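Listed here are the chains, written in short residue letters.
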Amino acid sequence: MTEYLGLSMLLFTIGAAGVLVRRNAIVVFMCVELMLNAANLALVSFSRRHGELDGQLAAFFVMVVAAAEVVVGLAIIVSIYRTRRSTSVDDASLLKA
Amino acid sequence: MNDVLDTAWVLVALPLAGALLLLTWGKESDRFGHWIGTAASAASFVWGAVLFVALAGRDADDRSVTTTLFTWFDVGRVRVDMALTYDQLSALFVLLITGVGTLIHVYSIGYMADDPRRRRFFAFLNLFVAAMLTLVLAADYLVLFLGWEGVGLASYLLIGFWQHKPSAAAAAQKAFVMNRVGDLGMVIAIALMLAHLGTTDIARVATGVPALSDGVVTGLGLLLLLGACGKSAQVPLQAWLLDAMEGPTPVSALIHAATMVTAGVYLIVRSAAIYDASEAARLAVVAVGLVTLLAGAAIGCAKDDIKKALAGSTMSQIGYMTLAAGLGPAGYAFAIFHLVTHGFFKANMFLGAGSVMHGTGDDVDMRHYGALRTAMPVTFFTFAAGYLAIIGFPGLSGFWSKDKIIETAFGFNVWVGLGTLLGAGVTAFYMTRLMAMTFLGRKRWREGVHPHESPAVMTVPLVVLAALSVLGGVMLLGHWITDWLAPVVGEAHHEELPVPAIVLTLSVLVVVAAGVALAWATYGRREVAADAPTDREVGWWTRAARHELYGNAVNDALVVRPTGQLVRGVTAFDKHVVAGAVSGLAGLFRDASQGLGRLQTGFVRSYALVLFGGAAALAAALLAVTIA
């Protein structure tokens, strides 16, 4: 049980660190997926631990939402790449005061 | 409604229609516009004469006809009808206004012949006449006020007619503003009537006066007097009249003879019921009249500008009328009598002065005239008729009217009587001075000036007015004017005179003769300098009179400068305190939003960092709470 949660924490930390330090939008995106899956792992672990299905149900929801998010997110990234010839998230910083 | 006297509205409608027609018709009416204006005024006069005959044909106690045209407004308890009263008093005024007004119209055809805006000038003249007729025909103080303001507007437009001259524009504004001060008194008086009587109908106010407290009646009297002071150029609101000479000369004649300045006297006489009920208000009227008649006479003595000398004279003569109106029922009729005769001879002399200016290339300085008698004989003889009338030469109109006022003044109080007597002497002095400097003596004409007689269109009105100046006294025959006006202003009861009337008349003649002799000795026999002595060379009394007794300086010191200071103070307060608070608050929010806006860097990763930091802080806080 602890091992699963430890792995989940590790994956989440790697994902969060990746989001913060990487500039490439694709990589940032993959790190976000990593964080989602770390959360899924924790949910499933707790589900198993408590012997209830709620956590697994939530994990399925997360997967569905993540799939939809991937579709939208990749479309945005492709669109940005087409107009700016770059996938760096720091280049897309026009929305500021 | 089939009575001819119910058609008094036609009197107003004719010149008003003339004014509207002239103002809206395009350039093609430039050629004949002045004839339309003159015809409108003349038609109004003819109609006035018809109505006058009809009125005179009625019984003496049936000579007041009030016609309600329509209800002007009806709000709550207050109902104001657009009603006209045609009675003995308004009938006289109608004839004076339209008669003299028409003559001035005719004269203006010649005088303004070369002015490109002559059509507009006639439109304003018509407007002036229409407004003045509304004023004297009104049966309600609010309708009267409508005419009152109309007169103010028309005078503003006409005084400033040559608006390209800054001095004319300023004079028009001055007249307008000073009239507003008087109007304030009128407005408050009307409000007082509404508050205490619930009506502004002149007849109903008159019947309601006995029910009012003394304080209110005196207040009404003083407020109406303030209004009268503004319109009639009485002290302390006299300063606009001399500046008003900036207007074309026919305008001065119209303002001084037929319209405008007579409105104040009319108001006081029309409000006789109020003044009869208040000793204090009457005393104030007498005081104002006396001060003005002496101040005006003093100013008239020192001015070298022929129009300004005449303007001082008008002030003085209106002072006589105001004084007479303040003497109560004994004086009302004589105030109106002097008003009418003054209307004749002052219009005559102003138009004569205009004729002189016309002949000398618009020069107004009497020191540049001299010996115009031979060059302009018609102007000279007509002017002489006016001159003899105003100084009170026996038999002429001014003699009868002024003599009656002086007599009544003596019946009221010896000192007031002596004041009017002195005024008569000074009048003789300044008018003789004007006459001698203009028409007699040696030529002092500027180079290139060739005085010539004016065209017939200008001299015919002069002749008519001169005849009226000479013959105006017939109105007193058999006490016609007092009997005629008695139903309106009340029966005159004769005061006990300190000396027999014939002695008074003789002493007036002696004083007048002394004034004439003094002026003749100073300006007739001796040579008049072509250049005026400077202020340093003349005595303090001449200097004061030249500067209009420092009326403008007093106004400046008492009103203009303090008001200017106040305005500057209020402006500074508005700028620094009110606007400062508003823009300070705006600045605060602007700076705060700029500071906060700097947090929005646009870098997604920094947002993510804030997000994670926030989540971590939240988790730490939850953890801390759980452990505790």
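A quick note: this is a predicted structure, and the numbers were derived from the prediction, not measured. (Residues numbered from 1 in each chain as written. Chains lettered and ligands numbered in written order. Predicted model: local features only at pLDDT ≥ 70, side-chain atom pairs only at ≥ 80, totals over all residues.)

## What about the overall build of chain A?
Looking only at helices and strands, chain A features 3 helices and 0 strands. The secondary structure elements of chain A, listed N-terminal to C-terminal, are α-α-α. The globule rule puts the C-alpha radius of gyration for 97 residues at 13 Å, and the 16 Å found for chain A is more than 25% above it. Dimensions along the principal axes, computed over C-alpha positions, put chain A at roughly 50 × 25 × 25 Å. Within the span of chain A, comprising 97 residues, buried residues form 13% of the whole. In chain A, of all internal contacts separated by at least 6 residues, the share reaching a separation of at least 24 is 46%. (Helix = DSSP H or I, 4+ residues; strand = E, 2+ residues; numbered from the N terminus. Rg over C-alpha atoms; globule rule 2.2 N^0.38 Å. Buried ≥ 20, exposed ≤ 12 C-beta atoms within 10 Å, placed from the backbone. Contact = placed C-beta atoms within 7 Å.)

## What about the overall build of chain B?
Counting secondary structure elements, chain B contains 25 helices and 2 strands. Across its three principal axes, chain B shows a C-alpha extent of roughly 125 × 65 × 55 Å. Every one of the 628 residues in chain B was classed for burial, and the buried ones make up 53%. Long-range pairs, those at least 24 residues apart, make up 81% of the contacts in chain B between residues at least 6 apart in sequence.

## Here's the deal with unusual backbone geometry
Backbone torsion omega between B:Val235 and B:Pro236 reads 10°, so that peptide bond is classified as cis. By secondary structure assignment, the location of B:Pro236 is in the loop between helix 8 (214-232) and helix 9 (239-243). One non-glycine residue, A:Arg85, adopts positive backbone phi at about 55°. With respect to the element layout, A:Arg85 can be found in the segment after helix 3 (54-84). Phi angles above zero are rare outside glycine, and B:Ala371 is one such case at about 60°.

## Details of helix 17 (residues 377-391) of chain B
Residue and element names in this part refer to chain B. A rise of 1.5 Å per residue sets the reference length of helix 17, with its 15 residues, at 21 Å; its end C-alpha atoms lie 21 Å apart and thus fit the reference within 8%. Among the 15 residues in helix 17, 11 count as buried, and that is most of the element. Those residues of helix 17 that fall on the buried side of the exposure criterion are Thr379, Phe380, Thr382, Phe383, Ala385, Gly386, Tyr387, Leu388, Ala389, Ile390 and Ile391. At the C-terminal side of helix 17, Gly392 shows a positive phi close to 90°. (Expected span 1.5 Å × (residues − 1).)

## Considerations on the interface of chain B and chain A
If you look at the interface, chain B gives 11 residues, while chain A gives 10 residues. It is helix 25 (residues 604-627) of chain B that provides the largest number of residues to the side of chain B that touches chain A, a total of 5 residues.

## Topic: the environment of A:Val89
Among the structural elements, A:Val89 can be located in the segment after helix 3. Spatially, the C-alpha atoms of A:Val89 and A:Leu43 are 30 Å apart, while their sequence positions differ by 46 residues. Those residues in contact with A:Val89, other than ones at most four positions away along the chain, are A:Arg23, A:Ala25, A:Val28, B:Val604 and B:Arg605.

## What to know about the pairing of strand 1 (residues 65-75) of chain B
In regular strands, side chains alternate between the two faces of the sheet. Residues and elements named next belong to chain B. The pairing of strand 1 with strand 2 (residues 78-86) spans 9 bridges and is antiparallel. Pairing of Val65 across the sheet is with Tyr86, part of strand 2. Once strand 1 ends, the chain turns through 2 residues before running back antiparallel as strand 2, passing Gly76 with a positive phi of about 55°. (Pairing = 2+ DSSP bridges.)

## Focus on the nonpolar core
Residue and element names in this part refer to chain B. Counting residues in each nonpolar core, the largest one holds 203 residues, and the members touching the most others are Phe128, Ile336 and Ala347. With 17 residues, helix 15 (residues 329-359) is the single largest residue contributor to this core. Other than its neighbours up to four places away in sequence, Ala347 contacts Val100, Leu103, Ile104, Ala253, Ala257, Ala258 and Leu465. (Core = buried A, V, L, I, M, F, W, Y, C linked by C-beta atoms within 7 Å.)

## Re the packing of helix 14 (residues 306-326) of chain B against helix 15 of chain B
Residues and elements named next belong to chain B. Look at helix 14 against helix 15: their axes get within 8 Å of each other, and the N-to-C directions meet at 175°. Between helix 14 and helix 15, the crossing angle belongs to the class labelled roughly antiparallel. Residues Ile306, Lys307, Leu310, Thr314, Gln317, Tyr320, Met321, Ala324, Ala325 and Gly326 of helix 14 form the contact with helix 15, whose participating residues are Gly331, Tyr332, Phe334, Ala335, His338, Leu339, His342, Lys346, Met349, Phe350, Ala353 and Val356. (Axes fitted to C-alpha atoms, helices over the stretch in contact; angles between N-to-C directions. Parallel < 35°, antiparallel > 145°, perpendicular 65-115°, else oblique.)

## As for the packing of helix 1 (residues 9-24) of chain B against helix 4 (residues 118-137) of chain B
Residues and elements named next belong to chain B. Following both chains from N to C, one finds helix 1 and helix 4 inclined at 155°, their axes separated by 8 Å at the closest point. Taken together, the axis directions place helix 1 and helix 4 in an arrangement best described as roughly antiparallel. Helix 1 and helix 4 meet at a crossing whose hand is left-handed. Of the residues in helix 4, those touching helix 1 at Leu11, Val12, Pro15, Leu16, Gly18, Ala19, Leu22 and Leu23 are Arg119, Phe122, Ala123, Asn126, Leu127, Val129, Ala130, Leu133, Thr134 and Leu137. (Left-handed = near helix turned anticlockwise from the far one by under 90°.)

## So, the environment of B:Ala514
Within the secondary structure layout, B:Ala514 lies in helix 22 (residues 501-524). Distance in space between the C-alpha atoms of B:Ala514 and B:Arg605 is 109 Å, their sequence separation being 91 residues.

## Description of helix 18 (residues 397-412) of chain B
The terminal C-alpha atoms of helix 18 of chain B, which comprises 16 residues, lie 23 Å apart, in line with the 22 Å expected from a rise of 1.5 Å per residue. Summarising burial for helix 18 of chain B: 16 of the 16 residues are buried, a large majority.

## What to know about the confidence of the model for chain B
Counting all residues, the mean pLDDT for chain B is 89, and 99% of those residues have values of 70 or more. On the interface metric, ipTM, the complex scores 0.86, and its pTM is 0.79. (pLDDT = per-residue confidence, 0-100.)

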